[in-house]
Number of protein chains: 2
Amino acid sequence: MTPAAAKRPRSTQAERSARSRSALLEAAARGLSRHGYANLVLEDVARDAGYTRGALYHQFKGKEDLALAVLEWVDETWWSEVGALAEGQPSAAAGLRALARGHAVYCRRDIAGAMMTLRIEFSGKDHPVGRTIDGNVKILLKYCAQLIEAGRTEGSIPPGPPAIEAASAWLGAMEGVVMALAGRAPHDEELVARATAGVLGLDGSLAQQQE
Amino acid sequence: MTPAAAKRPRSTQAERSARSRSALLEAAARGLSRHGYANLVLEDVARDAGYTRGALYHQFKGKEDLALAVLEWVDETWWSEVGALAEGQPSAAAGLRALARGHAVYCRRDIAGAMMTLRIEFSGKDHPVGRTIDGNVKILLKYCAQLIEAGRTEGSIPPGPPAIEAASAWLGAMEGVVMALAGRAPHDEELVARATAGVLGLDGSLAQQQE
DNA sequence: GAGCATACATACATGTATGTAGGTTTCCAG
DNA sequence: CTGGAAACCTACATACATGTATGTATGCTC
């Protein structure tokens, strides 16, 4: 019996599908983090999510489609959970610092490495996944570069290498640090912040944080 | 006629073999950088070096053995070309700075990514390549952590997170930066130095280098 | 230069992972 | 409660890369 007699009687079929899809996506992200794309075997992904390859092929067109879905999902969650932190900060430097700490926290989940591995495997390649990831990174880079330039003109960030190179290096450094520390709180946050300060030339004094 | 009548008449056979081996190793490193281990197809490696798979299987026991040889080769060249820079520096901080810059220069070759991809694919896995790479990284980490601790006791490096975490983060940051900049001189060197200063808490003043 | 070993090439067998097709269960509608 | 369409599973076909086995050429030794 459908509790609320309205138009949508809380359809269980759609819910079921959505749950499966989420579980598969999460398992795929974990698998990508750990094994990369090439070593990712779909049967393991499906089993990890509690299904078989049949379910996976019902939800996604194939391996590539699955990877693209993961990318899209990561991109969305990153901007809503991390990117949003930069908004409403007093200065561009503060915004970048917030991004750094937020990124470290965000990457404590095991989905963190998915972007990294996909980027390493596909960046610069003429492949749908490569193009997507390069597109996402490009947008992110542009955003960060703008923040850096804004900070330099307003004076909260000292001069240095071209903003795009600096942004590129900064993102790379963050990825490297969170990867190396693999979510070992609380030092991951602290050290990402330090790396940020170093790359951008912010004051390296030890008393800038403790949010 | 053998020019020098001594014991070793300048054997051409050994030379030939060594040349082939070097060419294959270099091609393998390039291939690993670009495609990773799983996507590395040995026929391409061999062709890239000017041979066929037959030659490769004559020189190496197989794919795994090839990867291990690359690892060994990278490890040796790194310590002789980069690691040596830390020796004879006035302070531990100076040594670490030298390592950073040296690493950036070292990574301008396309062999740079080989370690990275192998690490991502195998680190922490129960696999010969994984064990080897983890072993190499562990030694490197220990070395860097010792430098950091030495610097802290002698006063050239301010206090901070535990030395091992700091060393881990530092290496990760360097990898990330050189990866992101992909040898775009001269900013790679500058930005690796900045990241180093940030993570280790060295003076972020802009006038520390120009070696 | 005959005999032999090493370096290298070609051809085949095996394993494995993807993708597809055909069946089975679960859920909702009338 | 019965028809039907989903979500899902099992079985099969295909592709591809590794590894091995066999063949050829080049260089060394006597």
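Every value quoted in this text rests on a predicted model; they were computed, and no experiment measured them. (Residues numbered from 1 in each chain as written. Chains lettered and ligands numbered in written order. Predicted model: local features only at pLDDT ≥ 70, side-chain atom pairs only at ≥ 80, totals over all residues.)

## Quick word on the protein's contact with DNA strand D
(1) Moving on: Taken together, 25 residues sit near DNA strand D, with Ser-20, Gly-54 and Ala-55 of chain A together with Thr-12 and Gly-62 of chain B positioned nearest.
(2) Moving on: At the level of elements, helix 1 (12–35) and helix 3 (53–59) of chain A together with helix 1 (12–35), helix 2 (42–49), helix 3 (53–59) and helix 4 (63–81) of chain B are the ones that each hand at least two residues to the surface near DNA strand D.
(3) Moving on: In terms of residue count, helix 3 of chain A provides more of the surface near DNA strand D than any other element does, five residues in total.
(4) Moving on: Across the surface near DNA strand D, the residue classes tally to seven nonpolar, twelve polar and six charged. (Near = placed C-beta within 6 Å. Helix = DSSP H or I, 4+ residues; strand = E, 2+ residues; numbered from the N terminus. Nonpolar A, V, L, I, M, F, W, Y, C, P; charged D, E, K, R; others polar.)

## Description of the relation of the copies chain A and chain B
(1) Moving on: With an RMSD of 0.2 Å, the fit of chain A onto chain B corresponds to turning through 180° and sliding 0.1 Å along the axis. Taken together, the rotation angle and the small translation identify this as a two-fold axis. Measuring from the rotation axis to each C-alpha of chain A, the shortest distance belongs to Gly-198 of chain A, at 1.7 Å.
(2) Moving on: Most of the interface of chain A is mirrored in chain B: 100% of its interface residues are interface residues there too. (Least-squares fit on C-alpha atoms with pLDDT ≥ 70 in both. Contact = placed C-beta atoms within 7 Å.)

## Comments concerning the protein's contact with DNA strand C
(1) Moving on: As a structural note, the neighbourhood of DNA strand C is formed by 24 residues, with Thr-12 and Gly-62 of chain A together with Ser-17, Ser-20 and Gly-54 of chain B the closest of them.
(2) Moving on: Among the elements of the structure, helix 1, helix 2 (42–49) and helix 3 of chain A together with helix 1 and helix 3 of chain B are those that each provide at least two residues to the surface near DNA strand C.
(3) Moving on: In terms of residue count, the dominant contributor to the surface near DNA strand C is helix 3 of chain B (five residues).
(4) Moving on: Residue composition of the surface near DNA strand C, by class: six nonpolar, twelve polar and six charged.

## Quick word on helix 4 of chain B
Residue and element names in this part refer to chain B.
(1) Moving on: Under the 1.5 Å per step criterion, the end-to-end length of helix 4 is 27 Å for 19 residues, consistent within 8% with the ideal 27 Å.
(2) Moving on: Inspection of helix 4 places Leu-66, Ala-67, Val-70, Leu-71 and Val-74 among the buried residues, and these make up the whole buried set. Each buried residue of helix 4 lies within a common arc of 140° when the element is viewed along its axis, so the set occupies one face. Of the exposed residues in helix 4, the ones pointing more than 90 degrees away from its buried face are Glu-76 and Ser-80. (Expected span 1.5 Å × (residues − 1). Buried ≥ 20, exposed ≤ 12 C-beta atoms within 10 Å, placed from the backbone. Arc of directions from axis to C-beta.)

## Overview of the interface of chain A and chain B
(1) Moving on: The partner chain B presents 35 residues to the 34 residues of chain A that form the contact.
(2) Moving on: It is helix 8 (residues 163–181) of chain A that provides the largest number of residues to the side of chain A that touches chain B, a total of 13 residues.
(3) Moving on: The class makeup of the residues in the side of chain A that touches chain B is 16 nonpolar, eleven polar and seven charged.

## Some points on the confidence of the model for chain A
Residue and element names in this part refer to chain A.
(1) Moving on: This prediction gives chain A a mean pLDDT of 89; 91% of its residues lie at or above 70.
(2) Moving on: This model gives residues 1–10 a pLDDT under 50, and the stretch forms five contacts once residues within four places in sequence are excluded.
(3) Moving on: Contacts from residues 206–211, a stretch scored under 50 in pLDDT, to residues over four places away or in other chains number four contacts. (pLDDT = per-residue confidence, 0-100.)

## A look at unusual backbone geometry
Residues and elements named next belong to chain A.
(1) Moving on: With an omega of 0°, the peptide bond running from Ala-185 to Pro-186 counts as cis.
(2) Moving on: Within the secondary structure layout, Pro-186 lies in the loop between helix 8 and helix 9 (187–200).
(3) Moving on: Unlike most non-glycine residues, Ala-182 shows phi in positive territory, near 50°.
(4) Moving on: Among the structural elements, Ala-182 can be located in the loop between helix 8 and helix 9.
(5) Moving on: Since 17 C-beta atoms lie within 10 Å of it, Ala-182 is described here as partly exposed.

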